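# Commentary on secondary and tertiary structure
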Amino acid sequence: MRGRAMREILVMRDAAVAVRNGRIVAVGRTRELKRTFRADVELNAAGLTIIPGLVDAHTHLVFASEGFRPEELEMKISGLTYMEILARGGGIMRTVRATRAASLRKLARECLERLDIMLLHGTTTVEAKSGYGLTTEDELKCLRALKMAGEEHPVDLVPTFLGAHAIPPEYAREPDAYVELLVEEMVPAVAERDLATFCDVFCEKGVFSPEQARRVLEAGLRHGLRPKLHADEFTDTGGARLAAELKAASADHLLFASEDGLRAMAEAGVVAVLLPASPLTTLLGRFADARKTIDQLGLAVALATDFNPNCPVESMLTVMALACYCMRMLPSEALTAATLNAAHAIGLSGEVGSIEPGKKADLVLLDVPDHRHVGYRLGSNLVRYVIKAGELVVEDGQLVR
């Protein structure tokens, strides 16, 4: 849903959802559905609000827990920027060292633990990036860990290859040689093993230039990986325009994207994934201009946590509230952005993201009287029940599995 249409959600009262074999078969008034269907199992949702399962369209889920970086909060408070910390060998590189040292099983286990937390907060579908390996072997290890976790956990995982997350220290003096490795070896290896759906690049001054990003993303396209882009997070590098030219599934961050770049994205049908928790935890002092992006430019906006060691936020409910308080999105817009539009950003809008017949029965039952509380209640976990593909997986705030 684009532009102002994002606020046009349908609210039904005294309603019910009929589910068969993990799929929604009907939505309507409770009395009417009870005349039509006889349920083997019935869940009384009186007084609750049912929304679609939340879709987190941008996470860095897989990294070793030793790669969390709480010491960097003090560095940021003292005035160091994200890029300055990275230049000193911290940031991503600190996490890369820990992740390279971790075993496949350890990484998979820690992904499962993080998915549990996300599920308890109503997230039922997660896009998850590699990017803390930065060698062929370690990137494949991270993607295999995601595959193992996805096979074991009820949350649906959509894997993204982000070997172009940073220039590793062994290539610090020859970044183009690392780009060559990405294009000639890493992308083909990932595609050959069918370990990713998307290919992403951190296109930013001091990381990957637009020209380097184009090379990697075009290599991904040649091997069947749809492009995504970390675009214009700290400076206007032209990332939004590049995403439009490549017809990327999404361009994410966009705090410094030019109006021309955003217009090009709108014309190309690229989803703008906004990540309000990221500039909050980076102490950047500004947020993406969601109002202009929605009202004037008419883009389809999605939301995501950007969960990573620099942004340790697992709750989409928190992100939706931040979108309202920090980016002036309406609660209805935030709900659309965290469900249907987020699903579209990861290629799953035909399967999840709304409560309608034919889609997976991914439902979140919130202990609030209406959807506006989602944007209003900052920091509260409002989830009473979560149903994933027709199965009850969270009951009274506890995992059921």
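Up top is the structure these notes are about.
Read on for a plain summary of the structure.

Criteria and thresholds
- Residues numbered from 1 in each chain as written.
- Predicted model: local features only at pLDDT ≥ 70, side-chain atom pairs only at ≥ 80, totals over all residues.
- Heavy atoms only, no water.
- Pairing = 2+ DSSP bridges.
- Helix = DSSP H or I, 4+ residues; strand = E, 2+ residues; numbered from the N terminus.
- Axes fitted to C-alpha atoms, helices over the stretch in contact; angles between N-to-C directions.
- Salt bridge = Lys/Arg side-chain N within 4 Å of Asp/Glu carboxyl O.
- Buried < 20%, exposed > 50% of the residue type's maximum accessible area, 1.4 Å probe, protein only.
- Patch = residues over 30% accessible without salt bridge, like charges linked within 9 Å, V, L, I, M, F, W, Y side chains within 5 Å.
- Areas by Shrake-Rupley, 256 points an atom, 1.4 Å probe, with all protein chains shown as cover.
- Core = buried A, V, L, I, M, F, W, Y, C linked by side-chain atoms within 4.5 Å.
- Contact = heavy atoms within 4.5 Å.

Time to look at the sheet that holds strand S6 (residues 156-164). Strands sit in the order S4-S5-S6-S7-S8-S9-S10-S11 across an open sheet of 8 strands; the sheet is parallel. Two strands close off the open sheet at either side, each with one partner strand: strand S4 (54-56) and strand S11 (301-303). Going from strand to strand, the sheet's axes swing by 25° on average, the running direction of each strand aside. Relative to S6, strand S5 (residues 123-129) is paired through 5 bridges, and the arrangement is parallel. Opposite lysine 129, over in S6, you have threonine 160 as the bridge partner.

A complete count under the given rule lists 26 salt bridges for this structure. Between arginine 214 and glutamate 218 there is a salt bridge, with its nearest N and O atoms 3.7 Å apart. One end of the pair, arginine 214, and the other, glutamate 218, are both in helix H8 (residues 210-222), 4 residues apart, so they sit about a helical turn from each other. Using a relative accessible area of 29% as the deciding quantity, one classes arginine 214 as partly exposed.

Below, the discussion takes up a nonpolar patch on the surface. On the surface, Leu10, Met12 and Val27 cluster together to form a nonpolar patch covering roughly 280 Å² of accessible area. Using a relative accessible area of 74% as the deciding quantity, one classes leucine 10 as exposed.

Now for the nonpolar core. Of all hydrophobic cores here, the largest spans 112 residues; its most connected members are Leu254, Met265, Leu303 and Met329. Among the elements that take part in this core, helix H7 (residues 175-192) stands out by supplying 9 residues, more than any other. Sequence-distant contacts of leucine 254, that is, excluding residues within four places in its chain, are made with Ala231, Asp232, Ala240, Leu262, Met265, Ala272, Leu274 and Ala288. Counting residues in each nonpolar core, the second largest holds 15 residues, with Val55, Val271, Ala302 and Ala304 among its members.

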